[in-house]
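Fold and contact review
Residue-level listing of the chains:
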Amino acid sequence: TELSKIRNFSIVAHIDHGKSTLADRLIQQTGTVKERDMQEQLLDSMDIERERGITIKANTVRIEYPANDGDTYVLNLIDTPGHVDFAYEVSRSMQAVEGSLLVVDASQGVEAQTLANVYQAIDADHEIVPVLNKVDLPAADCDRVAEQIEDVIGIDATDALQISAKTGIGIPDVLEAIVERLPAPEGDRDAPLKAMLVDSYYDAYLGVVVIIRVIDGVIKKGDRIKMLGTGGKYPVDRLGVFRPKMEDIGELGPGEIGFLTASIKQVRDTRVGDTITHEKKGTEDALDGFKPAQPVVFCGLFPVDSAQFEDLRDSIEKLALNDASFSFEMETSAALGFGFRCGFLGLLHLEVIRDRIEREYDIDLITTAPSVIYHVFMKDGSMIELHNPADMPDPSTIDHMEEPRIKATILVPDEYLGDVLKLCQDRRGIQEDLTYAGTRAMAVYDLPLNEVVFDFYDRLKSVTKGYASFDYQMTGYREDNLVKMSVLVNDEPVDALSTMVHRDRAEMRGRAMCEKLKDLIPRHMFKIPIQAAIGGKVIARETLSALRKDVTAKCYGGDATRKKKLLEKQKAGKKKMRQFGKVEIPQQAFINALKMD
Ligand code: GTP
């Protein structure tokens, strides 16, 4: 295709502002998919995405559009995820296109992820077309939202399109604006092949499918290619485009976006941002490499039924094939048995993986409290990256510790601002900025990531009745007074319950944990102390009083079968217990103790 007849774009939006609905509409309007094949949210392919309405992997689609000028254009849309954990995927797909549609819900206005995503588009030098969506809603206020876009984001919104992705109002204008207002890509057909690896995923039938954007040169089926970053060499088995179904194509030239397969075994063999060229006469000029996404949140995943450990291993390995951003290694715990310590890009990523294991592989899981990576500086001058409180070195050998911090941006209606500020303060936040746009406030805080992974987002949603939006980015590490809090039941430490906390918050957390456990652990024939401790020092304590009577006592010794039944029940229950010294703790107690509320 001629460069001047190509437009590559992405859609940036806050969650639920209608990105997927608009994408579906554009596909439908151009007849890319026959009416009867149209199902809602075509681009969200995974079940879980469909159910939760969130887009996780970047997807692409090629649309052919006969414009008003009489020419037919090829429009390539790269769909980007909208959630904070996947900011990295947004940034990589932004590099592959020249423009963005900025979709803002006209009944809601600009939200935290609108900002985060549009800044990425601005960073990638995109031409941006503002689109006010949901004008069919009575609450839509286009003038106010256009003004907000200008005030808060600082881009011109006088020509903002007013549309309803749901009813179809304004969709032809969107297609025309893409052709008229977004720039055509540039590239040299005669130069050596230079293509960017935009994304890759694992397909059970095809193996690894690689999404590419050609910058210079031409790639054809059968070509022998080389990846400059990894050094991998492959023959191209299949070359094609998504419409949105896969369709083979003979070649892809400059400015075009498509996919290739090349007998690549696993997603880990491909590096996003890598440069693809020909094995012979290729370019040596690599694109600026992207750094791979690093996991920032860690937790243990254990099967509730220890017999399912192998199934869990299998499911994790399969998921990892398609998601190079999540890491795992085996872990054993006295309380929970065999499991895995896993690393994620953020809490949502954690939740998505956990749900997929439970749902797609039918394994009940226990998740331990999420933790971040601490930098532990030892007295001998070395530094350890601590992913798991269980690996904490002896405190007497530690010089100091640092924790990761984030810059959080929160947008909230004025009336809830007080509660939001209090929440941030409670989480050791430092206010950096506070501004107002209309009836909404924007607060920027420097916060410890540790306090955010715990339950910050849930708390934020509940204190603002869901009206706040939130986004964050990692900023770096800072020293603070951090300690490991252990939990002891009948003087035995329970590894799965130990956590890293700030010294000032340890008492509070310790007390809460002891109180919870007191309710969760069944009484025994003896008294059981439940303690939270830092090093050797107990900071909180509860005592579970002894059980005086035998469970069968209330049967008056009369009914023998009933007594037998009770004892059998007791025995069956014991199987699901974990032994700690003399104390048996039901598995369920761990699950509940680890639940955050
Ligand atoms: P993520 O994929 O989670 O980022 O969300 P999204 O931005 O893709 O939003 P999506 O397209 O899933 O739309 C969110 C909700 O808004 C859905 O319930 C849509 O039906 C609804 N919606 C989208 N566009 C319109 C519109 O123009 N008018 C109305 N009334 N509702 C809309």
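Residues numbered from 1 in each chain as written. Predicted model: local features only at pLDDT ≥ 70, side-chain atom pairs only at ≥ 80, totals over all residues. Heavy atoms only, no water.

**A look at the sheet that holds strand β11 (residues 233–235)**
One open sheet holds the eight strands; their spatial order is β11-β10-β16-β7-β8-β15-β12-β13, and the pairing between them is antiparallel. Two strands in the sheet have a free side with no partner beyond their single neighbour: β11 and β13 (246–248). The sheet shows a mean angle of 40° between the axes of neighbouring strands, direction not considered. Where strand β12 (residues 238–242) lies against strand β15 (residues 257–261), three bridges are found, and the strand directions are antiparallel. (Pairing = 2+ DSSP bridges. Helix = DSSP H or I, 4+ residues; strand = E, 2+ residues; numbered from the N terminus. Axes fitted to C-alpha atoms, helices over the stretch in contact; angles between N-to-C directions.)

**A few points about the nonpolar core**
Counting residues in hydrophobic clusters, the biggest one holds 50 residues, and the most contacted among them are I357, M401, I410 and F456. Ranked by the residues each element gives to this core, the list is headed by strand β23 (residues 398–413), at six residues. Judged by nonpolar contacts, the second largest core, of 29 residues, contains V487, V489, V494 and A589. (Core = buried A, V, L, I, M, F, W, Y, C linked by side-chain atoms within 4.5 Å. Buried < 20%, exposed > 50% of the residue type's maximum accessible area, 1.4 Å probe, protein only.)

**Comments concerning the pairing of strand β21 (residues 374–378)**
When you tally the buried positions in β21, you get four out of five residues, the bulk of the element. Counting the residues between successive antiparallel strands, the hairpin from β21 to strand β22 (residues 383–386) contains four residues, one of them, G381, with a positive phi of roughly 95°. With four bridges joining them, β21 and β23 adopt antiparallel strand pairing. Bridge assignment links M378 to a residue of β23, and that residue is I398.

**Topic: the environment of D414**
In this fold, D414 is placed in the loop between β23 and α9 (417–426). Residue D414 is classed as partly exposed on the basis of its relative accessible area, which comes to 37%. Distance in space between the C-alpha atoms of D414 and Y436 is 8.4 Å, their sequence separation being 22 residues. Contacts of D414, omitting those with residues within four sequence positions, involve Y436, G438, T439, R440 and A441. (Contact = heavy atoms within 4.5 Å.)

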